[in-house]
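Listed below are the residues making up each chain.
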Amino acid sequence: MKQSELFTKTRKTAPKDEVAKNAQLLIRAGYIHKEMAGVYAYLPLGLRVFEKIVNIIREEMNANGGQEVTLTALQSPSVWKTSGRWDDLAIDVWFKTALKDGAELGLGVTHEEPLTALMSEYVSSYKDLPKYVYQFQTKFRNELRAKSGIMRTREFVMKDLYSFSTDEKQFRDFYEKCAKAYMKIFARVGLGDKTFRTFASGGSFSKFSDEFQTVCEAGEDTIYVHRAKKIAVNKEVYRDDVLKELGLSKEELTEEKAVEVGNIFPLGTRFSEPLNLKFKDDKGAEHPVVMGSYGIGPARLMGTIVEVLSDDKGIVWPKEVSPFSAHLVSITGGNPDVIAEAERYYELLKENGVDVLYDDRDARAGEKFADSELIGIPTRLVVSEKTIAAGGIECIDRGSGKSTFVNESDILSQFKK
Ligand code: ATP
Ligand code: MG
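Residues numbered from 1 in each chain as written. Chains lettered and ligands numbered in written order. Predicted model: local features only at pLDDT ≥ 70, side-chain atom pairs only at ≥ 80, totals over all residues. Heavy atoms only, no water.

1. Re the overall build of the protein chain
Scanning the protein chain for helices and strands turns up 10 helices and 21 strands. Expressed as lengths along the three principal axes of its C-alpha atoms, the size of the protein chain is roughly 80 × 60 × 45 Å. Scored against the burial criterion, the 417 residues of the protein chain give a buried share of 52%. Surface summary for the protein chain: the accessible area is close to 19500 Å², and the carbon and sulfur share equals 50%. For the protein chain, the centre of its 59 positive side-chain charges and the centre of its 64 negative side-chain charges are spaced 1 Å apart. (Helix = DSSP H or I, 4+ residues; strand = E, 2+ residues; numbered from the N terminus. Buried < 20%, exposed > 50% of the residue type's maximum accessible area, 1.4 Å probe, protein only. Areas by Shrake-Rupley, 256 points an atom, 1.4 Å probe, with all protein chains shown as cover. Lys, Arg positive; Asp, Glu negative; His and termini not counted. Charge placed at Lys NZ, Arg CZ, Asp CG, Glu CD.)

2. Thoughts on the layout of surface pockets
To find the voids left in a structure, one rolls a probe of water-molecule size over its atoms. By volume, the largest pocket amounts to about 1300 Å³. Taken together, 48 residues line the largest pocket, and the ones lying closest to its centre are Arg141, Met158, Glu260, Asn263 and Phe265. Within the residue set of the lining of the largest pocket, elements represented by two or more residues are β8 (155-165), β13 (254-268), β16 (290-296) and α7 (298-309). Per-element accounting of the lining of the largest pocket gives the leading share, seven residues, to β13. Residues belonging to the lining of the largest pocket are distributed by class as follows: 20 nonpolar, 14 polar and 14 charged. (1 Å grid on protein atoms, 1.4 Å probe; cavity = no way out; pocket = protein on both sides within 12 Å on 5 of 7 lines; lining within 4 Å. Points joined across faces, edges and corners; volume = space filled by probe spheres on them. Nonpolar A, V, L, I, M, F, W, Y, C, P; charged D, E, K, R; others polar.)

3. Side note on the coordination of the magnesium ion (ligand 2)
Every protein donor of the magnesium ion (ligand 2) is accounted for by Glu260 (OE) and Asn263 (OD1), and the metal-donor separations fall at 2.3 to 2.5 Å. Overall, the relative accessible area of 23% leaves glutamate 260 in the partly exposed class. (Donors = N, O, S within 2.8 Å, 3.2 Å for Na, K, Ca; no water.)

4. Looking at the site of ligand 1
Around ligand 1, the structure places 14 residues, and the nearest of them are Glu143, Arg152, Thr153, Glu260 and Arg300. Here threonine 153 contributes a backbone N or O atom positioned 2.9 Å from a nitrogen atom of ligand 1. Between ligand 1 and glutamate 260 there is a distance of 2.6 Å, counted from an oxygen atom to a side-chain nitrogen or oxygen. Among the detected pockets, ligand 1 sits in the largest pocket. Elements represented by at least two residues in the shell around ligand 1 include exactly β8 and β13. Ranked by residue count, the leading element in the shell around ligand 1 is β13, at four residues. (Near = heavy atom within 4 Å. Polar contact = N/O pair within 3.5 Å; in protein donor to acceptor, adjacent residues only side chain to side chain. Sits in = over half its atoms within 2 Å of the grid points.)

5. Points about the sheet that holds strand β20 (residues 392-397)
Taken in spatial order, the five strands of this open sheet run β18-β17-β19-β20-β21, and their pairing is mixed. Edge strands, defined here as strands with exactly one partner in the open sheet, are β18 (356-359) and β21 (403-407). The average angle at which neighbouring strand axes cross in this sheet is 25°, direction not considered. Bridge analysis of β20 against β21 gives five bridges, and the strand direction is antiparallel. Opposite glycine 392, over in β21, you have asparagine 407 as the bridge partner. Those strands touched by helix α8 (residues 336-351) are β17 (326-331), β18, β19 (379-384) and β20, and its axis lies near 170° from that of β18. In the packing of helix α9 (residues 365-375) onto the sheet, the strands contacted are β17, β18 and β19, and the crossing angle to β17 comes to about 170°. (Pairing = 2+ DSSP bridges. Axes fitted to C-alpha atoms, helices over the stretch in contact; angles between N-to-C directions. Contact = heavy atoms within 4.5 Å.)

6. A word on the environment of proline 266
Structurally, the position occupied by proline 266 is in strand β13. Judged by relative accessible area, which is 11%, proline 266 ranks as buried. For the pair proline 266 and glycine 202, spaced 64 residues apart in the sequence, the C-alpha separation amounts to 8.0 Å. When near neighbours in sequence (up to four residues on either side) are disregarded, proline 266 contacts Phe171, Arg172, Tyr175, Phe205, Ser206, Phe208, Ser209, Met291 and Gly292.

7. Points about helix α1 (residues 21-28)
By the burial criterion, the buried members of α1 are Asn22, Ala23, Leu25, Leu26 and Ile27. Looking at the buried side of α1, the elements it contacts are β1 (32-36), β2 (39-42), α7 and α9. A positive backbone phi angle near 85° is found at glycine 30, which sits one or two residues after α1.

8. Digging into the packing of aromatic side chains
Under the defined criterion, the tally for this structure stands at 15 aromatic pairs. Among the aromatic residues, those joined into a ring-pair cluster are Tyr132, Phe171, Phe174, Tyr175 and Tyr294. (Phe/Tyr/Trp six-rings, centres within 6.5 Å; stacked < 30°, edge-to-face > 60°.)

9. A look at the nonpolar core
Core analysis: the largest hydrophobic core is formed by 57 residues, its most contacted members being Tyr31, Tyr182 and Trp317. Among the elements that take part in this core, helix α5 (residues 168-188) stands out by supplying nine residues, more than any other. Those residues in contact with tyrosine 182 that lie beyond four places of it in its chain are Met61, Lys159, Phe212, Gly262, Asn263, Ile264, Tyr294, Gly295 and Ile296. Judged by nonpolar contacts, the second largest core, of 24 residues, contains Ile91, Val123, Tyr162 and Phe265. (Core = buried A, V, L, I, M, F, W, Y, C linked by side-chain atoms within 4.5 Å.)

10. A short note on the packing of helix α2 (residues 44-63) against α7
Viewed as axis vectors pointing N to C, α2 and α7 meet at an angle of 115°, and their least axial separation amounts to 9 Å. In terms of crossing hand, the pair formed by α2 and α7 is right-handed. In contact with Gly46, Val49, Phe50, Ile53, Val54 and Ile57 of α2, α7 contributes Pro298, Ala299, Leu301, Met302 and Ile305. Tallied by class, the residues present in the contact of α2 with α7 amount to 10 nonpolar, one polar and no charged. (Left-handed = near helix turned anticlockwise from the far one by under 90°.)

11. Remarks on the pairing of β16
Most of β16 sits inside the fold, with seven of its seven residues counted as buried. The side-chain alternation of β16 yields two buried faces, one formed by Val290, Gly292, Tyr294 and Ile296 and the other by Met291, Ser293 and Gly295. Note that β8 and β16 share seven bridges and pair antiparallel. Following the sheet pairing, tyrosine 162 is matched in β16 by serine 293. Relative to β16, β13 is paired through six bridges, and the arrangement is antiparallel. When the sheet's bridge partners are listed, glycine 268 is paired in β16 with methionine 291.

And the structure:
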């Protein structure tokens, strides 16, 4: 894509009321637009990153037998009343609205209830289980605080998967598989070294759950990390009895600020019982389905990547989530030969399947380089009179700043997977 055609532009400053580093950088670089506190729109560059994260999650969910659906944002109170979660005391972040005739509606905060009710139309026998159903869907939560940029918003997409099993063992098998898939996802998006499976409280469903926490100064949680074992304990369950159960001692743990990027929960029969999701075993006896829920927020993940990996010049995207693989920058000084040569490289890269952003703008070198650093594509390729004379292209790594000269014949091999 040519940068001159991109409708967004970089900005020197972020909105005054924007306090989070992730949103400041993403707004300045033209990835997102702030609609209001806790509500952001995704622009062409931002949507590319977001979709790449979504696709990584989708691949890993499909690899474990996940089946994708889209449930609805508009929710009728009935299933929520049946489970006892329509009340604002049970869920304190509901956005509620009404039909013209006055009937109440809610905007989905999560989807255990509607999916459990839906599954009861299809599941009747042990032969129908296990099943794993997931979606990427907008959740609405009336969060009290929305000061963390895209890491905590009032409207956000969640990948939520729900598992449906016959018994505890079948449930656990999948739960552990999903925990592994989560670690793979966090590694692929570039947060592998900093993300820990974290023992946490189970809220209202079960005694404990597993969170996936990324160590980050901007995080709202406090965790105690065991680096060698690659696990952590959330402060909310940091007690002697829990540590003993996990075989951890306080001396081995370090306290860190962290962001909860994912969360997996045993649900037991908390929803299948009230919503009547049952199956018959091989002897014809009826049992409630054993469930689990598995969430990841792709936008929170995107914000966390920016928080953790950016530097004083701007964003540094890991390869797998970068909006483009290469940022081709021409420094022409108005020389038509350089323009033609840069165009030629652009076509060459495109023809060979390299996803490239081409800064073809008529602007000063300093401005182009500063924008390129702010936008954060991992590899910058510079074409100038100097590089043409030397018969190649200058290749700069965004993370390390390291510059290498690459002959034309070697350029494409740089982008082979
Ligand atoms: P938190 O404790 O941070 O409020 P939560 O425990 O309520 O989050 P879950 O219901 O477990 O969140 O949601 C699953 C995942 O969805 C979280 O791990 C996170 O990645 C993401 N998520 C939750 N709330 C938000 C939000 N307000 N904005 C963006 N992503 C969110
Ligand atoms: Mg959670």
